[in-house]
Amino acid sequence: MGDRVTECTARLQQQEREIRSLSAEIESLKKPQNPSSSQHLDELRDENAKLKYRLNILKRSLQEERPTSCGKSMTNINQRLQEVFGEAIRASCPELDDPPLSVAPNQQAKFGDYQCNSAMAMSQMLKAKGMKVNPREIAEKIIQNLPENELVQKTEIAGPGFINIHLKKPFVSKLLSNLLINGVQPPPLESKKRVVVDFSSPNIAKEMHVGHLRSTIIGESMSRLFEFLGYDVLRLNHVGDWGTQFGMLIAHLQDKFPDYLTSSPPISDLQAFYKESKKRFDEEEDFKKRAYQCVVRLQSKEPNFIKAWNLICDVSRAEFQKVYDCLDIQIIERGESYYQDMMTKVVKEFEDRGMAELDEGRKVVFVPGQSIPLTIVKSDGGYTYDTSDLAALRQRLFDEKADMIIYVTDSGQSTHFQVVFAAAQMIGWYNPQVTRVEHAGFGVVLGEDKKKFKTRSGDTVRLMDLLEEGLKRCMDKLKEKERDKVLTPEELTKAQRSVAFGCIKYADLSHNRINDYVFAFDKMLDDRGNTAAYLLYAFTRIRSIARLANIDEATLRKAAETTEVLLDHEKEWKLGKCILRFPEILQKILDDLLLHTLCDYLYELATTFTEFYDSCYCVEKDRQTGEVVKVNMWRMLLCEATAAIMAKCFDILGINPVGRM
């Protein structure tokens, strides 16, 4: 199969090159330069006609190759319509260099399935060039120039120039069959990219809090999306594991556990340990001096001080891992300490290029267009966050050879990253046209009082306390619904973890990450509306339809290959189209990194399925005996396709559905 796809891809690329070449030749033949005679002009016209003929053959050949070239990949219907209408738009208005292309799903089914809204904008562009053309005339021209295609049944012009598009039912039915036979596959990948996602990033010796929760959940989901699309993903945890605070922590460790080198110190509460050392640092002058000496000896990498540092880091890592285990997070730790030796080279590079300058004893880098400079060396000779972030970015570009680097941190750091990225471009580390480096910022988590999420005493909420509270509330909810009477203890625990952690993740991901959001357990665990609890119950119910009709997986697989998915009922048609919008949704998220779009789609799919299930019998039973008398297999296949897409959405969101709830 792989060889066939490679061969087809090569042929497609060759044909596309020939089409571009021939198109250019035709354009040049349309405008002959000073023809010496009418005979020469006739020859050119003959040649032009031959080229046009050959071009049409190549285009037809390209059209025939299209389905096989994509292999098992899902088709992005919107993208395919943009290709078809893009060609028609260019042909209908050659005087516009870059005509606008706007194709979107139609909001009202009675007006068709998709809509092309380019004609109005094209009319405005032509008006600016001194040509007055009615948008409806442009729409007519676009329709006349539509190439032969496999997906458009008919088009209609509405209002000032909207083009309503109706899809062919056999085309949609075939795509659903392909989905059922091949499983949920990503759209075709142009090239396999290396993606670095920097997320979570807690500080050693400090508790993880709700800000880290957002970064962790969002970063993990983005990573899962990139992996599903076929990218090579490196998840990095840029922990705060270096700096002056380690001086006071090591000095306090020496005093409290003098035998720490031979027996591991029993630090049960690192947060309290940190507070104790900070109090001493602020109040005891001798301790403060010794803390500074400890920093110098740590930075000199003296073995005893490196051991003390490792002990403190290990206690924190164990605490972080509890959170990551609950949330099913896979991540590689690469803290600030990893980049220490690289910082010297970064500073030297900026100095050698004449981009670093002295400012009150500090070495700073001013970036044109940015309001604040980067401080790359402090007045005491130490490095800063600016230096470590530059070193990390450089390492990811040159050593990891990343094509895309995404930083998932709170929006408060957006200015900092903006300056870091601008400095990296200024020194020539990357070209934003080639490499995508982006800060995916997010808002803060608020309590139900709409203030920053805190405990009643005003302290930061410990993340593990929050997760344990979620588990407790979820179990109460399951028992309230008497699920403990129908599920085994093992099934009950699985359902508890699935719903509790799924609800916490979904509550975050279903909000636009740029905005602040209110953390409310009661709303999260509600099984009505756009919540994980509702969606997990809906998914379990859909999965149970085939089981209750005694239809096993093998039967469904065979039916997928032999049964046509009929879409005659309006609710079948609506559900079929909704299922196939999945690749469009993924493309949108890839463009803007806003995951709430996937949650909105998942909820829309679940509610569209409910409409279908309420209107279309999948299994017909005898009213007296309850025995199955008829199974409408094409509808069972629609159930199966819905469940398959929902399962993939859950997977990308990091939510684990269970078989029984």
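Residues numbered from 1 in each chain as written. Predicted model: local features only at pLDDT ≥ 70, side-chain atom pairs only at ≥ 80, totals over all residues. Heavy atoms only, no water.

Naming follows an unreviewed UniProt entry, where the chain appears as Arginine--tRNA ligase, cytoplasmic of Zoarces viviparus. Under the heading Sequence similarities (unreviewed entry), UniProt records this for the chain: "Belongs to the class-I aminoacyl-tRNA synthetase family." (UniProt positions renumbered as here; feature names shortened; annotations may be inferred.)

Q: Which residues make up the packing of aromatic side chains, and what are the values?
A: In total, this model carries 16 aromatic pairs according to the counting rule given. Summarising the aromatic geometry, the rings of Phe-453 and Phe-519 are spaced 5.1 Å apart at their centres and angled 35° between planes, so their arrangement reads as tilted. Taken together, the residues Phe-453 in the loop between β13 (445–446) and α15 (463–480) and Phe-519 in the loop between β14 (517–518) and α17 (521–524) connect sequence positions 66 residues apart. Of the residues examined, Phe-453 reaches a relative accessible area of 15% and is grouped as buried. Using a relative accessible area of 2% as the deciding quantity, one classes Phe-519 as buried. The structure contains a cluster of three or more aromatic residues connected by ring pairs, namely Phe-228, Phe-582 and Tyr-601. Above the face of the Trp-573 ring, Lys-169 is positioned so that its terminal group lies 5.4 Å from the ring centre. The side chain of Arg-334 reaches across the aromatic face of Tyr-338, ending 4.7 Å from its centre. (Phe/Tyr/Trp six-rings, centres within 6.5 Å; stacked < 30°, edge-to-face > 60°. Helix = DSSP H or I, 4+ residues; strand = E, 2+ residues; numbered from the N terminus. Buried < 20%, exposed > 50% of the residue type's maximum accessible area, 1.4 Å probe, protein only. Lys NZ or Arg CZ within 6 Å of the ring centre and 35° of its normal.)

Q: Which residues make up the pattern of salt bridges, and what values go with them?
A: Applying the stated criterion to the full structure yields 47 salt bridges. With a closest N to O distance of 2.5 Å, Asp-465 and Arg-462 form a salt bridge. Across the pair Asp-527 and Lys-481 runs a salt bridge whose closest N-O atoms are separated by 2.6 Å. Linking Asp-527 in the loop between α17 and α18 (532–548) with Lys-481 in the loop between α15 and α16 (489–509), this pair joins segments that are 46 residues apart in sequence. Residue Asp-527 is classed as partly exposed on the basis of its relative accessible area of 22%. (Salt bridge = Lys/Arg side-chain N within 4 Å of Asp/Glu carboxyl O.)

Q: Describe in detail the side chain of Glu-584, supporting the description with residues and values.
A: One can find Glu-584 in helix α21 (residues 582–592). No salt bridge is formed by the buried Glu-584. Its closest oppositely charged neighbour is Arg-581, at 4.3 Å. Excluding its chain neighbours within four sequence positions, the residues that come into contact with Glu-584 are Asn-76, Ile-77, Asn-78, Pro-105 and Tyr-114. (Lys, Arg positive; Asp, Glu negative; His and termini not counted. Contact = heavy atoms within 4.5 Å.)

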